[in-house]
Amino acid sequence: GGKRGRELQVLVGTWNMGGKPCPAHVSLKHWLLPGKFDLYAIGTQECEGRPGLSTEREKPRWEAKVAAALGRDYAMVAKHCLGTTHLCCFVRNELLPHVSDLHTAHVITGFGKVVANKAGIGLCFDIFSTSFLLVTAHFAAHQSKIQERHDDFARIDSALVPLMCP
């Protein structure tokens, strides 16, 4: 038998923020539980930008709030943002030397498959000998759009991995 590797504790979360920043009075520590996990993957939709056709590509206030909640024992190893969809990943500092083969990509699913108001974003990397593929998505809104959401998922599922793992 082979040597058993280290087990990693992972938190994956997502939040549609409705075009607003995280409220100042909200502590992310209640959600993230700093110190409990080795890896955090946090996806947001409509964060720090107008819902809909926002073209913002950076979310510095949000990323700073997540980093502050996690504390000095964690570092952001990857982020990717497209329009209103954002994904960031933090790992314990002690794991940084073991993170490798990092790739990010996105698949646009918005109007005409060219408008970045809806999308899927992926981060792919290895820690030790384990590969991670983390995805967040912002799908079509409203209960009547079930087929559109299914179609968006299928498009992201089929197109994202080839972009990150050529």
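This one's a predicted model, so the numbers in the text were calculated from it and none came from an experiment. (Residues numbered from 1 in each chain as written. Predicted model: local features only at pLDDT ≥ 70, side-chain atom pairs only at ≥ 80, totals over all residues. Heavy atoms only, no water.)

Draft legend 1. Local environment of the packing of aromatic side chains. Enumeration over the complete set of coordinates arrives at five aromatic pairs. Between Trp15 and Trp62 the ring centres are 5.8 Å apart and the planes differ by 75°, which places this aromatic pair in the edge-to-face class. Here Trp15 is found in strand β1 (residues 10–20), whereas its partner Trp62 is found in helix α2 (residues 60–70), with 47 residues between them in sequence. Its relative accessible area of 1% is what places Trp62 among the buried residues. Look at Tyr40 and Tyr74: their rings are 5.3 Å apart centre to centre, the planes differ by 80°, and that puts the pair in the edge-to-face class. Of this pair, Tyr40 sits in strand β2 (residues 39–47) while Tyr74 sits in strand β3 (residues 74–82), and the two are 34 residues apart along the sequence. Accessibility classification places Tyr40 together with Tyr74 in one group, the buried group. Three or more aromatic residues link up through ring pairs in this structure, and these residues are Trp15, Trp31 and Trp62. (Phe/Tyr/Trp six-rings, centres within 6.5 Å; stacked < 30°, edge-to-face > 60°. Helix = DSSP H or I, 4+ residues; strand = E, 2+ residues; numbered from the N terminus. Buried < 20%, exposed > 50% of the residue type's maximum accessible area, 1.4 Å probe, protein only.)

Draft legend 2. Broad picture of the sheet that holds β3. A sheet is described by the order of its strands in space; here four strands give the open sequence β1-β2-β4-β3, paired in mixed fashion. In the strand order of this sheet, the two ends are held by β1 and β3, each with one partner. Put simply, the sheet's adjacent strands are angled 15° from each other on average, direction ignored. When β3 meets strand β4 (residues 85–92), the two strands line up antiparallel, connected through eight bridges. From the neighbouring strand, Met76 faces β4, where its bridge partner is Phe90. Relative to the sheet, α2 contacts β1, β2, β3 and β4, its axis offset from that of β4 by approximately 25°. (Pairing = 2+ DSSP bridges. Axes fitted to C-alpha atoms, helices over the stretch in contact; angles between N-to-C directions. Contact = heavy atoms within 4.5 Å.)

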